[in-house]
Amino acid sequence: MRAALMWTINDFLAYSMMSGWSTAGMLACPHCMEDSDAFRLIKSGKQSWFDNHRKFLPMNHPYRRNSKDFIKNRKVTKQFPRVRSGDEILQDLNNRGLRKKKDVLEWVKKLRFPDGYASNLGRCVDANKLKMFGMKSHDCHVFMQRLLTIALREFLPNRIWEPITEMSLFFKQLTSSSLTDEELRNLDEQIPVILCNLEKSFPPSFFYSMEHLPVHLAYEARITGPVHYRWMYPPERYLRKIKHKIMNKRNEVYLDDIVDDDMFEIFKPPGKAIDAEGKRYLADNEYTAAHLYVLMNCPEVQPFIDVFVTEKCKQFPNLNDEAVNAVTEQEFPSWFEKYVHNHANKIFNHYLRTIARGPLREVRTYNGYCVNGFKFHTESYGSYRATNNTGVCIKGSVYNETKSDNYGTLVEVIELEFEALPVKRTVLFKCEWFDPTPHVGIVVHPRYKLVDVHDKKRFNKYEPFVSAVQASQVYYCEYPGQTSLRKDWKAMCKIKARAQIDIPASPSTDVIEPAFQNDYNDVIIEVVVGDKDVLLVASSEMDTSGDVDVDEHLIDHEEETSDEEEFENDVTTSEEEYEPDLDDSNENE
């Protein structure tokens, strides 16, 4: 059964409870609404609706021009707008935020994050009551630092959106795992300005004590250290890890594959594969691109690339950098194979000769890979999951502060294998890259450095492969709203690996002395015997069961001075050098 409320019988005071429109204040009239001319009296502060009715008169009425009997020196020229229709009221409600709120909640419901980044926020959305519930504190941090700026960018004017974005970036930088004193001083200077900008756009009722406390957070971080190491999330994750280990009834040990010390770094396993999909053969363009990528990103091959470039520059002096790169990509693999296998060059390194011949055509494919603290999934494998782990980011070969990163999605994880023993494998990500051209495929906000990528623009050069160890993870989310101006654009958010901590390079942190307990148990005690100051050496070999013979362990103060350096060298004996005689200690017992 369905019912509809058609009308009610109530007084004006109950109107506010039934309709939701306040019947108090200067907007009490449900017809005038924001067109009301009510004001407060100067002395009493009482609300007054005096001189609010001349706007209902005809435009040629003499009362409109009367500036003596009403408010002094005031003539009324505006006219009260007509009573709004039902469609106009519905449109006004949508413009006031109901439609925008619904669009944002629908957008949140469709979001998919990488594994471990945040919980499924779609479960926290109540589409009927237009609110979110059941969010954990970590989810609130993610929403405030990452999603809020994206969600409100299309719905708010810049004068309101900018201070909200600055507040989000403030918390994002404050809660990072590494902070410098200069960064904290800048945050301490920026936060008062950010709060003042918020006060210009939000009413006083918005500002509780929680909105005031951020002004002191940068100072607290300078005193007590980064927030990342003082909140509850790392201990809670580690407790879960410990509980997971306790639940295991068996003690199993897995040995990693033995790796040759002379093996090239590119052949050492960087991570762990997920869900082997099968085997297949590489096409000609895939084989050429994969072999070229391995050669160009192997440090041991770099000297030969320099030799090749030098020869080409001597042969063709007018070549520019772009032409040199093109010639290197086309001719270097075949030149390198001939150069390495030429006995006159005396190159007998097994790995160089193997990598010059190229990989096998048959490769093993996987649905995912864990590397660098990230968990990656291919697009086909991740399309059926509630999380999104397909975003890939790498830095370009000419990367600097003014250049943007290269962004794409993971299509396939392949494992190349090279012939001959020992087994030599390397893992490559086959990706589909977005167009890196500024203002065409990628747009970076000039002030807040927010990155948007065009979902329909692709990189026009065939370079699909990247080493797994070079990849970092990102995720892309669409902007809310069906008629958004950024319909084909997606906001990019970078993921911070939990297992990685940025340690700044400084002289104080370059060399860290290991902490260990000294096994040297001799104790020096200064005592007075007669008129002499002597040192009593309480050795670990002394018989502690009886009295100590002081005469046998007395050292003249002058001898102590001459042997001071030798003694200091003895007591710094490390744990590895000191090996107690277990047999003698057993006999003493």
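This one's a predicted model, so the numbers in the text were calculated from it and none came from an experiment. (Residues numbered from 1 in each chain as written. Predicted model: local features only at pLDDT ≥ 70, side-chain atom pairs only at ≥ 80, totals over all residues. Heavy atoms only, no water.)

Turning our eyes to something else, we now look at the overall build of the protein. Of regular secondary structure, the protein possesses 18 helices and 18 strands. Here the protein holds 589 residues, and the buried ones make up 32% of them. Within the protein, contacts between residues separated by at least 24 positions form 59% of all contacts whose residues are at least 6 apart in sequence. When the accessible area of the protein is evaluated, it comes to approximately 39700 Å², of which 53% is carbon and sulfur surface. (Helix = DSSP H or I, 4+ residues; strand = E, 2+ residues; numbered from the N terminus. Buried < 20%, exposed > 50% of the residue type's maximum accessible area, 1.4 Å probe, protein only. Contact = heavy atoms within 4.5 Å. Areas by Shrake-Rupley, 256 points an atom, 1.4 Å probe, with all protein chains shown as cover.)

Let us look at the pattern of salt bridges. Inspection of every chain in the model, using the stated rule, returns 26 salt bridges. Between Arg 357 and Glu 419 there is a salt bridge, and its shortest N-O distance comes to 2.4 Å. With Arg 357 in helix α13 (residues 350-357) and Glu 419 in the loop between β9 (406-418) and β10 (424-433), this pair connects stretches of sequence that are 62 residues apart. On the accessibility criterion, Glu 419 (32% relative accessible area) is partly exposed. A salt bridge links Glu 415 to Arg 425, with the shortest nitrogen-to-oxygen separation between them at 3.8 Å. Taken together, the residues Glu 415 in strand β9 and Arg 425 in strand β10 connect sequence positions 10 residues apart. When its relative accessible area of 16% is taken as the criterion, Glu 415 is described as buried. Judged by relative accessible area, which is 35%, Arg 425 ranks as partly exposed. (Salt bridge = Lys/Arg side-chain N within 4 Å of Asp/Glu carboxyl O.)

Take the packing of aromatic side chains next. In the structure shown here, the tally under the stated rule is 24 aromatic pairs. Each ring, one from Phe 308 and one from Phe 332, has its centre 5.7 Å from the other, and the planes form 70°; the classification is edge-to-face. Here Phe 332 lies in helix α12 (residues 321-340) and Phe 308 lies in helix α11 (residues 302-315), a separation of 24 residues in the sequence. Neither Phe 308 nor Phe 332 differs from the other in exposure class; each is buried. (Phe/Tyr/Trp six-rings, centres within 6.5 Å; stacked < 30°, edge-to-face > 60°.)

When two helices pack together, their arrangement is given by the angle between the helix axes and the distance between those axes. Here helix α6 (residues 181-201) crosses helix α8 (residues 214-224) at 170°, and the two axes come no closer than 8 Å. Comparing the axis directions of α6 and α8 gives the class roughly antiparallel. Mapping the contact onto sequence places Asp 181, Leu 184, Arg 185, Leu 187, Asp 188, Ile 191, Pro 192 and Leu 195 in α6 and Pro 214, Val 215, Ala 218, Tyr 219, Ala 221 and Arg 222 in α8. Per-class residue counts for the contact of α6 with α8 are 10 nonpolar, no polar and 4 charged. (Axes fitted to C-alpha atoms, helices over the stretch in contact; angles between N-to-C directions. Parallel < 35°, antiparallel > 145°, perpendicular 65-115°, else oblique. Nonpolar A, V, L, I, M, F, W, Y, C, P; charged D, E, K, R; others polar.)

Located in the positive-phi region is Asn 73, a residue other than glycine, with phi close to 60°. Here Asn 73 is to be found in the loop between β2 (47-48) and α2 (86-95). Positive phi values are uncommon outside glycine, yet Asp 275 reaches one of about 55°. The topology assignment puts Asp 275 in strand β5 (residues 272-281).

This next bit is on the pairing of strand β6 (residues 362-371). Here β6 lies mainly inside the structure; 7 of its 10 residues are buried. Of the strand pairs in this sheet, β5 and β6 are connected by 8 bridges, and their pairing is antiparallel. Across the sheet, residue Arg 280 finds its bridge partner in β6, namely Val 363. Taken together, the 3 bridges between β6 and β9 define a ladder with antiparallel strand orientation. Residue pairing in the sheet places Thr 365 in a bridge with Ile 414 of β9. When β6 meets strand β7 (residues 374-377), the two strands line up antiparallel, connected through 4 bridges. Across the sheet, the residue bridging to Tyr 369 is Phe 376, located in β7. The turn joining β6 and β7, which pair antiparallel and follow one another in sequence, is formed by 2 residues; a positive phi near 60° is taken by Asn 372. (Pairing = 2+ DSSP bridges.)

Now for a nonpolar patch on the surface. On the surface, Leu 5, Met 17 and Met 18 cluster together into a nonpolar patch covering about 400 Å² of accessible area. Looking at the secondary structure, you find Leu 5 in the segment before α1 (12-19). (Patch = residues over 30% accessible without salt bridge, like charges linked within 9 Å, V, L, I, M, F, W, Y side chains within 5 Å.)

Moving on: the nonpolar core. With 71 residues, the main nonpolar core has Trp 107, Phe 332, Phe 336, Ile 355 and Phe 429 as its most contacted residues. Of all the elements, helix α10 (residues 284-296) adds the most residues to this core, at 6 residues. Not counting the four nearest positions on each side in its chain, Ile 355 is found in contact with Phe 267, His 291, Val 294, Leu 295, Cys 298, Val 301, Phe 336 and Phe 418. Counting 18 residues, the second largest nonpolar core, distinct from the first, contains Ile 164, Leu 179, Ala 221 and Tyr 233. (Core = buried A, V, L, I, M, F, W, Y, C linked by side-chain atoms within 4.5 Å.)

Glancing now at the side chain of Asp 435. Assignment of secondary structure puts Asp 435 in the loop between β10 and β11 (442-444). Those residues in contact with Asp 435 that lie beyond four places of it in its chain are Val 440, Gly 441, Ile 442, Lys 457, Arg 458 and Phe 459.

That is the geometry; function is a separate question.
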